[in-house]
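One-letter residues, chain by chain:
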Amino acid sequence: MKWIQNISLSLFLIGALLVSTSSFGSALQVDSTDTASGNSVTVISVEGAIGPTTTNYIRRGLETSIERNAEALIIEMDTPGGLLTSTQDIVQLMLASEMPIAVYVTPSGGNAGSAGTFITLAGHIAAMAPTTTIGAASPVSMGGGQQDTVMQKKIFNYSESFIENIAKERDRNAEWARSAVRDGEAITETEALELNVIDFISRDLDELLVQMDGMEVEGEPLQTAQASIERLEESFAEKFFSFIMRPEIMLILTMVAIYGIVGEVTNPGAIVPGVAGVIALILLLYGSASMPINVAGFVLIGLAIVLFVIEAFTPTFGILITGGAVSFFLGALMLFQEFPAEMQLSWYWLVPATILTVIFFGWIATSGIKIQFTEHRTGLESLIGKKAKVVDTIDQNGGRIMISGEYWNAVTESDEKIKSNQWCEIVRFEGLTVTVKPHKPNKEIDHGVN
């Protein structure tokens, strides 16, 4: 079990370090915002899949821009898509914001796909760098999983109406926006400018600031040509929670939770595996509450654990182990079924995780479980419950019995006497004295010690 303890200890120490320093990282962010003032713009960078931490990051960007009295908040974005629920939250923030928001799809080769299309259209100002694309906003890629025909139609209708309202609110091409959802259409930055999907094509951030200068947003002209750029990076906590919400990390947390807790049960007093397992479980529950985790996946993983444990007591020549492996694999596969396609777990993670779990339960955990529930076979503990011959009459004051050819002092645990040549049952050992009770024969074969 040593290697389990070492791995668990490492994971525990890393997690504790990340959590303990997250508040320090946030404090640094707050201090940096206090120094910024005057004619400036706040810039945040959104990369990768859109999720709950992205919502928090953009919300903090808006709050910081207001505190700095900035001219605008600029969101640099490169995303393949993300969760529809998080996209809805971000769009609501942007549409309700009085702070001018510019969405800039960058760098060259970047993409505002799926959820990124909704967010780009929701900006007061939309811009793209050369050789970037926007579109492919189909809810199939945003919602993940397979839907029945009726549900799929409802999702498409809602998404089309949602993106159309966004486009109309920002005076953009609503017809193209609907086609991006309905037909999954994607276009380049040049086509987007021609179709009134975006406002500018900007080579870099400085050019965008010049292009934005003088535009009237929320009734006020922007003065960005000479504005200073104040970047707001993700806080340590945002990076950490964004990291643990990745499907492969959530799978690892699931395995650590299982291994740690089972390791503690099979090796009581180890402490470290149990603590690491509980921490991993808490982080997993936090991620599950924020992400569209499929509950059926957790049920199948739980069934796999039950099958593995049963195999430890009722050997079935690998039948239950095989069933548990299949159940674990399908459970892990279904666990992230509701994630967008770009966030779903690949088989390169599922297969090794299944093999490792089978090895863990088939060898280590099974041995530990058997030990915990197996009678003692050596030492004095192995004699407890066995019967022995009384040599001298035993009462609460004393007496003698014969155990494996040796005389032992004995006392009864009650005021009942046990006469010489009768049988007694060993209850416990206390030093060189044995506590016994009268033996009551039953139909089962009695095992005695002489």
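Residues numbered from 1 in each chain as written. Predicted model: local features only at pLDDT ≥ 70, side-chain atom pairs only at ≥ 80, totals over all residues. Heavy atoms only, no water.

### Considering the sheet that holds strand β7 (residues 186–188)
Selection rule: A pair of strands counts as paired when DSSP detects no fewer than two bridges linking them. Strands are runs of DSSP state E lasting at least 2 residues, helices are runs of H or I lasting at least 4, and numbering of each runs from the N terminus. An axis is simply a line fitted to the C-alpha atoms; with a helix, the fit covers only the stretch in contact. Between two such axes, the angle follows the N-to-C directions and lies from 0 to 180 degrees. Contacts are assigned to residue pairs that have any heavy atoms within 4.5 Å of one another.
Strand order in the open sheet formed by three strands is β4-β6-β7, with mixed pairing between adjacent strands. Two strands close off the open sheet at either side, each with one partner strand: β4 (111–113) and β7. Pairwise comparison of adjacent strand axes, ignoring direction, gives a mean angle of 15° for this sheet. Of the strand pairs in this sheet, β4 and strand β6 (residues 133–135) are connected by three bridges, and their pairing is parallel. Its bridge partner being in β6, G113 is matched across the sheet by G135. In the packing of helix α4 (residues 115–122) onto the sheet, contacts are made with β4 and β6, and the angle to β4 comes to roughly 105°.

### Things to note about the confidence of the model for the protein chain
This is how the line gets drawn: Values of pLDDT, ranging from 0 to 100, describe the predictor's confidence in every residue of the model.
When pLDDT is averaged along the protein chain, the result is 81; 80% of the residues meet or exceed 70. For residues 1–37, every residue scores under 50 in pLDDT, and the model assigns this stretch 40 contacts once sequence neighbours within four places are set aside. When the criterion is pLDDT under 50, residues 141–146 qualifies, and its contacts beyond four places in sequence or with other chains add up to 26 contacts.

### Remarks on the sheet that holds strand β11 (residues 228–231)
Strand order in the open sheet formed by six strands is β8-β5-β3-β2-β1-β11, with parallel pairing between adjacent strands. What marks the edges here is a single partner per strand, and that holds for β8 (200–201) and β11. Lying on the sheet, helix α9 (residues 205–212) is in contact with β1 (40–47), β2 (72–78), β3 (101–105), β5 (125–128), β8 and β11; it crosses β2 at an angle near 135°.

### Focus: the nonpolar core
Rules: Take the buried Ala, Val, Leu, Ile, Met, Phe, Trp, Tyr and Cys residues and link them wherever side-chain atoms come within 4.5 Å; each set so joined is a nonpolar core. Accessible area is worked out with a 1.4 Å probe on protein chains only. A residue is then buried under 20% of its type maximum, exposed over 50%, and partly exposed in between.
Residues I75, M94, F118, I134 and V197 are the most contacted members of the largest nonpolar core, which totals 41 residues. V197 has contacts with L121, A126, I134, R172, N173, W176, I187 and A192, leaving out every residue within four places of it along the chain. Membership of the second largest hydrophobic core comes to 33 residues, among which are A280, F328, F336 and L350.

### Describing the pattern of salt bridges
Applicable threshold: Definition used for salt bridges: Asp or Glu carboxyl oxygen within 4 Å of a side-chain nitrogen of Lys or Arg.
A complete count under the given rule lists 14 salt bridges for this structure. In this structure, E430 and R428 form a salt bridge, with 2.9 Å as the shortest nitrogen-oxygen distance. Here the salt bridges share partners, and the residues they tie into one network are E160, E164, K168, E175, R178, R182 and D183.

### As for helix α2 (residues 52–68)
Note the cut-off: The length a helix should cover is 1.5 Å for every residue beyond the first.
Relative to the 24 Å expected for 17 residues at 1.5 Å per residue, α2 spans 24 Å between its end C-alpha atoms, a close match to the ideal helical length. Within α2 the residues assigned to the buried category are P52, T53, T54, T55, Y57, I58, R60, G61, L62, T64, S65 and R68.

### Concerning the packing of aromatic side chains
To describe a pair of aromatic rings, one takes the distance between the centres and the angle between the planes. Counted only if it meets this: Only centres within 6.5 Å qualify two rings of Phe, Tyr or Trp (six-membered ring in Trp) as a pair; their planes then separate them into stacked at under 30 degrees, edge-to-face at over 60, and tilted for everything else. Any Lys NZ or Arg CZ that is within 6 Å of a ring centre and within 35 degrees of that ring's normal is treated as a charge sitting over the ring.
Throughout the structure, instances matching the rule amount to five aromatic pairs. Each ring, one from F240 and one from F241, has its centre 5.2 Å from the other, and the planes form 65°; the classification is edge-to-face. Judged by centre distance (4.9 Å) and plane angle (45°), the rings of F241 and Y286 are tilted. Taken as a pair, F241 in helix α10 (residues 236–244) and Y286 in helix α12 (residues 272–290) lie far apart in primary sequence, 45 residues in all. A network of ring pairs unites the aromatic residues F118, Y158 and F162 as a single cluster. Directly above the aromatic system of W423 lies the positively charged group of K389, at a separation of 5.4 Å from the ring centroid. Over the aromatic face of Y407 sits the side chain of R400, whose NZ or CZ is 4.7 Å from the ring centroid.

### Comments concerning the side chain of T64
Using the following cut-off: Any N or O atom pair separated by 3.5 Å or less is treated as a polar contact, with the protein-specific requirement of one donor-capable and one acceptor-capable atom, and with residues adjacent in sequence counted only for side-chain atom pairs.
By the secondary structure assignment, T64 is in helix α2. On the accessibility criterion, T64 (6% relative accessible area) is buried. For T64, the side chain forms a polar contact with the main-chain oxygen of R60, separated by 2.8 Å.

### A word on the packing of helix α3 (residues 84–96) against α4
Our working rule: Our angle categories are set so that under 35 degrees counts as roughly parallel, over 145 as roughly antiparallel, 65 to 115 as roughly perpendicular, and the remainder as oblique. Residue polarity follows a fixed list, in which Ala, Val, Leu, Ile, Met, Phe, Trp, Tyr, Cys and Pro are nonpolar, Asp, Glu, Lys and Arg are charged, and the others, Gly among them, are polar.
It is the contact of α3 with α4, at a shortest axis distance of 9 Å, that shows an interaxial angle of 5°. Classified by the angle their axes make, α3 and α4 are roughly parallel. From α3, T87, I90, V91, M94 and L95 reach across to α4, where they touch A115, F118, I119 and A122. A breakdown of the residues in the contact of α3 with α4 according to their chemical character gives eight nonpolar, one polar and no charged.

### Some remarks on the pairing of β2
This is how it is decided: Handedness is read with the strands pointing away from the viewer; a crossover is right-handed when the path from the first strand over the helix to the second is clockwise.
The buried fraction of β2 amounts to six of the seven residues, a majority that puts the element mostly inside the structure. Of the strand pairs in this sheet, β1 and β2 are connected by seven bridges, and their pairing is parallel. Bridge pairing in β2 places E47 opposite D78. Each parallel crossover has a hand, and for β1 linked through α2 to β2 it is right-handed. As paired elements, β2 and β3 share five bridges and run parallel to each other. Note on β3: the bridge partner recorded for L73 is I101.

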